[in-house]
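Notes for the structure review
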Amino acid sequence: MWYVSTRGMAPWVDFEGALFSGYAPDGGLYMPEKLPQLDRETLRQWSVVSYPSLVKELCSLFIGPELIPRDDLNDLIDRAFSRFRHKEVVHLSRLKNGLNVLELWHGVTYAFKDLSLCCAAQFLQYLLEKRKKHITVVVGTSGDTGSAAIESVQGAENVDLIVLLPKGRCTKIQELQMTTVLRENVHVFGVEGSSDELDEPIKAVFADVAFVKEHSLMSLNSINWSRVLVQMAHHFFAYFRCAPTLDLHPPPPVEVVVPSGGAGSLAAGFIAQKMGLPIHLVVAVNCNDIIHRTVQRGDFSLSEAVKPTLASAMDIQVPYNMERIFWLLSGSDSQVTRALMEQFERTRSVSLPKELHSKLSEAVISQSVSDEAITQTMGRCWEENQYLLCPHSAVAVSYHYQQVDSRQPSPPRCCLAPASAAKFPEAVLAAGLTPETPAEILALEHKEARCTPMRKGDDWTQMLRGLIEDLSRQRQGRFRNAPA
């Protein structure tokens, strides 16, 4: 299996190349050069297996056995999910009024990013040990990626992790999950800015190809192919748990509602669909509605500013993974994709070509959800089911309730739930409900925290480069002083 850049100007790489690179050298994102097509028999066989088994089947299609033999791959995935609280790893809650909620948040940090990052970290460490290499991972976060990345690599000898978080713009719990991990290989910056603003110094550092190579840098943000790969399993699992039967020809569709910020899970759904999974996609966003405007009007442009919302992990203006969707819908046309994305990077505003917009609006339904609708949805779900939704899950469920109230016939529907309500007590209170906070989250309040501020006016890029250089120097010093 080879991977190509969506912009078509970079050499092909294998899974290892895509995992370690994040962005391709031409600024594009890696995609499989061709997608495997799944027949009815494969779908039927997969329909009865567990979530971890689905991840293993999918990963084995995209990671060559010469790189990670199948037995090793299975062991790595088992290890990745070993600390999840639910025996199924992910769990489908069937609630009143046909509401199916796929809980993707049973990992250590109570968010869906644990699923893909735990796997990515296992793949990384396996390949680093094999190659006797060390890397420094740089991650920007809007709330959940940072803590999931920290959890997945803390204490690893061959990985240093640098996290940039938007100070005061995550929930208190999200921030504490990052700043209270006092491991030698974990380094956290608190940035006075939004998650889009903190991406700028990261992009600037990664644009210096020689620096990236010298210091063995990589990113594990949502653009990393390994994360999109694991997220495809959410869609397959949702389909198999919600489809009434697989005996019809063609198999019946299931509508999957994806609450989205960076469009990683949405891109994963598009790929699953292209492989033959009969899902209909709905994307639900908060007031930061670039994805919604792109679907509705072909308007792929930044608003003046990020609006803080109750669904804070989705307070994102630049949904990087839309590039993968444009590439897929344009028939893998890297020229069209490159022209589009380069114009967007220059002007921060693009009108999609008519044909591409038409394909996008046929392929996905979109909806933008206000804070008021989020709290109403959380309240209604509690009233009907005594079930607490996090604000991001409520963005998806809001669409479901709208459809139920309109009494329109529709296929079975599954709403992806990216985080536990336990992480968002502020939003639960705003909905007039009582937060339920697990003991290990309450304990964070009493832990020592460590975080280096990046203030307005500081040279953020220089601060990031400086830490990377310091870590390389320390590593070389340890290497020189190691006993022969």
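Residues numbered from 1 in each chain as written. Predicted model: local features only at pLDDT ≥ 70, side-chain atom pairs only at ≥ 80, totals over all residues. Heavy atoms only, no water.

1. Re the pattern of salt bridges
As a reminder of what qualifies: Salt bridges, as used here, are contacts in which a Lys or Arg side-chain nitrogen is within 4 Å of a carboxyl oxygen on Asp or Glu. Every helix listed is a DSSP run of H or I at least four residues long, and every strand listed is a run of E at least two residues long, numbered separately from the N terminus. We call a residue buried when its accessible area falls under 20% of the maximum for its residue type, exposed when it is over 50%, and partly exposed in between, using a 1.4 Å probe and counting protein chains only.
This model, assessed by the stated rule, comprises 23 salt bridges. Between Arg 7 and Glu 323 there is a salt bridge, and its shortest N-O distance comes to 2.8 Å. Of the two residues, Arg 7 sits in the loop between strand S1 (3–5) and helix H1 (15–21) while Glu 323 sits in helix H13 (residues 322–329), which places them 316 residues apart along the sequence. Neither Arg 7 nor Glu 323 differs from the other in exposure class; each is buried.

2. Let's talk about the packing of aromatic side chains
Condition: A pair of Phe, Tyr and Trp rings is counted when the ring centres sit within 6.5 Å of each other, with Trp represented by its six-membered ring. The angle between the planes then sorts it: under 30 degrees is stacked, over 60 is edge-to-face, the rest tilted.
The full count for this structure, using the stated rule, is 12 aromatic pairs. Taken together, a centroid distance of 5.6 Å and an interplanar angle of 65° make the contact between Trp 46 and Phe 236 edge-to-face. Separated by 190 residues along the polypeptide, Trp 46 in helix H2 (residues 40–46) and Phe 236 in helix H10 (residues 225–242) bring together distant segments of the chain. By relative accessible area, Phe 236 is classed as buried at 0%.

3. Concerning the side chain of Thr 179
Note the following rule: Contacts are assigned to residue pairs that have any heavy atoms within 4.5 Å of one another.
When you line up the elements, Thr 179 lands in helix H7 (residues 172–179). With relative accessibility at 5%, the residue Thr 179 sits in the buried group. Among residues more than four places away in sequence, those in contact with Thr 179 are Leu 165, Val 188, Glu 448, Ala 449, Arg 450 and Cys 451.

4. Some thoughts on the sheet that holds strand S14 (residues 413–417)
The line we're drawing: Only strands joined by at least two bridges in the DSSP assignment are considered to pair. Where helices are involved, their axes are fitted lines through C-alpha atoms of the stretch in contact, as for all axes, and angles between N-to-C directions lie from 0 to 180°.
If you walk across this open sheet you meet the 6 strands as S3-S4-S14-S9-S10-S13, and the pairing is mixed. Two strands close off the open sheet at either side, each with one partner strand: strand S3 (91–94) and strand S13 (364–368). For this sheet the average axis-to-axis angle between neighbouring strands, irrespective of direction, equals 25°. Pairing geometry for strand S9 (residues 254–259) and strand S10 (residues 279–285), over 6 bridges, is parallel. Residue pairing across strands places Val 258 opposite Val 283, the latter belonging to S10. Strands in contact with helix H17 (residues 391–406) are strand S4 (100–103), S9, S10, S13 and S14; relative to S14, the strand with the most contacts, it is inclined by about 160°.

5. Digging into the UniProt feature "domain: Threonine synthase N-terminal" (unreviewed entry) in the protein chain
Under the convention used in this document: UniProt positions are given in the numbering used here, feature names are shortened, and annotations may be inferred rather than shown by experiment.
Within this structure's numbering, the places UniProt gives as "domain: Threonine synthase N-terminal" (unreviewed entry) are residues 3–81. Here residues 3–81 is 47% helix and 8% strand, with 26 Å between the C-alpha atoms at its ends.

6. Points about the pairing of S9
For clarity, the cut-off: A clockwise course of the path from the first strand over the helix to the second, judged with the strands pointing away from the viewer, identifies a crossover as right-handed.
The buried count for S9 comes to 6 of 6 residues, which makes it a mostly enclosed element. The alternating pattern of S9 places Val 254, Val 256 and Val 258 and Glu 255, Val 257 and Pro 259 on opposite faces, both of which are buried. For the handedness criterion, the β-α-β arrangement of S9, helix H11 (residues 264–274) and S10 is classed as right-handed. For S9 and S14, the ladder comprises 3 bridges, and the chain directions are parallel. The residue bridging Glu 255 from the neighbouring strand is Arg 413, located in S14.

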